[in-house]
Amino acid sequence: CPFPKPKPGKKKTLTNGWKDKANRVCYYCGKRGAERHEVFAGMNRQISIREGFQVDLCPEHHRQLQDNVTPWAKAENKLLKADFERKYIRKVVGYGMTEQQGLVMWMELIGRNYCEEYDPE
């Protein structure tokens, strides 16, 4: 057979860059040794890593945002998600698309709109 068979297998899981942890500082308090927090968790975690939807946080702030039980953490998670959505849409608008096309791409990527100023319809 002149053509090789395709190799079966899973996609490689992305990691969030643990090697440079000592050089990172917390987004909120400035402590060194920050951990990477993927803003979109669960099934969107790999998208967060691939697209750079991550924030460096000290272990205390990281646990608060991951647990998402305090009023501060709930509000901050919403703000971070909306901020990354705006950045993503601005990025694709910079490539020559409209905001509406950027929102459609966002919805296909993440599946939810977090910004009030963008109308998904």
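Further up the page is the structure itself.
Before going into details, it helps to say that this report is about the structure given with it. (Residues numbered from 1 in each chain as written. Predicted model: local features only at pLDDT ≥ 70, side-chain atom pairs only at ≥ 80, totals over all residues. Heavy atoms only, no water.)

### Re the packing of helix α2 (residues 59–67) against helix α3 (residues 71–94)
Reasoning step 1: Two elements in contact, α2 and α3, have axes separated by 8 Å at closest approach and are oriented at 85°. One element, α2, and the other, α3, form an angle in the roughly perpendicular class. Mapping the contact onto sequence places H61, Q64 and L65 in α2 and W72, A73, E76, N77 and L80 in α3.
Reasoning step 2: Of the residues belonging to the contact of α2 with α3, the class tally is 4 nonpolar, 3 polar and 1 charged. (Axes fitted to C-alpha atoms, helices over the stretch in contact; angles between N-to-C directions. Helix = DSSP H or I, 4+ residues; strand = E, 2+ residues; numbered from the N terminus. Parallel < 35°, antiparallel > 145°, perpendicular 65-115°, else oblique. Contact = heavy atoms within 4.5 Å. Nonpolar A, V, L, I, M, F, W, Y, C, P; charged D, E, K, R; others polar.)

### A word on the side chain of H62
Reasoning step 1: Mapped onto the secondary structure, H62 falls in helix α2.
Reasoning step 2: In terms of polar contacts, H62 uses its side chain to reach the side chain of H37, at 3.4 Å.
Reasoning step 3: Excluding residues within four positions of it along the chain, H62 makes contact with E35, R36, H37 and L57. (Polar contact = N/O pair within 3.5 Å; in protein donor to acceptor, adjacent residues only side chain to side chain.)

### A short note on the environment of V55
Reasoning step 1: Structurally, V55 is set in strand β2 (residues 54–57).
Reasoning step 2: On the basis of relative accessible area, V55 is assigned to the buried category, the value being 5%.
Reasoning step 3: Separated by 17 residues in sequence, V55 and W72 place their C-alpha atoms 16 Å apart.
Reasoning step 4: Leave out the neighbours within four places in its chain, and V55 touches Y27, E35, R36, H37, V39, L80 and F84. (Buried < 20%, exposed > 50% of the residue type's maximum accessible area, 1.4 Å probe, protein only.)

### With respect to the pattern of salt bridges
Reasoning step 1: Considering all chains together, one arrives at 9 salt bridges under this definition.
Reasoning step 2: Note that D56 is salt-bridged to R36, the shortest N-O span being 2.7 Å. Of this pair, D56 sits in strand β2 while R36 sits in strand β1 (residues 35–38), placing them 20 residues apart in sequence.
Reasoning step 3: The salt bridge partner of R86 is E117, with a shortest N-O separation of 2.5 Å. With a gap of 31 residues between them, R86 in helix α3 and E117 in the segment after α4 (99–109) connect regions that are remote in the sequence.
Reasoning step 4: A relative accessible area of 27% means that R86 is categorised as partly exposed.
Reasoning step 5: Using a relative accessible area of 46% as the deciding quantity, one classes E117 as partly exposed.
Reasoning step 6: Here the salt bridges do not stand alone but share partners, grouping K21, E35 and R63 into one network. (Salt bridge = Lys/Arg side-chain N within 4 Å of Asp/Glu carboxyl O.)

### Concerning α3
In an α-helix, one turn spans 3.6 residues, which is why side chains three or four residues apart end up on the same side.
Reasoning step 1: The end-to-end C-alpha separation of α3 is 35 Å, in line with the 34 Å expected for 24 residues at 1.5 Å each.
Reasoning step 2: Those residues of α3 that sit buried are A73, E76, N77, L80, A82, F84, E85, Y88, I89 and V92. (Expected span 1.5 Å × (residues − 1).)

### So, the packing of aromatic side chains
The description of an aromatic ring pair uses the distance of the two centres, along with the angle that the planes make with each other.
Reasoning step 1: The final tally for this structure, using the stated rule, is 9 aromatic pairs.
Reasoning step 2: Ring geometry for Y27 against Y28: centres 5.0 Å apart, planes inclined by 85°, an arrangement best described as edge-to-face.
Reasoning step 3: You can call Y27 exposed: its relative accessible area is 53%.
Reasoning step 4: Here Y28 and W72 contribute two aromatic rings whose centre-to-centre distance is 5.2 Å and whose plane-to-plane angle is 75°, an arrangement assigned as edge-to-face. You can see Y28 sitting in the segment before β1 and its partner W72 sitting in helix α3, a full 44 residues away along the chain.
Reasoning step 5: Its relative accessible area of 26% is what places Y28 among the partly exposed residues.
Reasoning step 6: Taken together, the ring pairs connect F40, F53, F84, Y88, W106 and Y114 into an aromatic cluster. (Phe/Tyr/Trp six-rings, centres within 6.5 Å; stacked < 30°, edge-to-face > 60°.)

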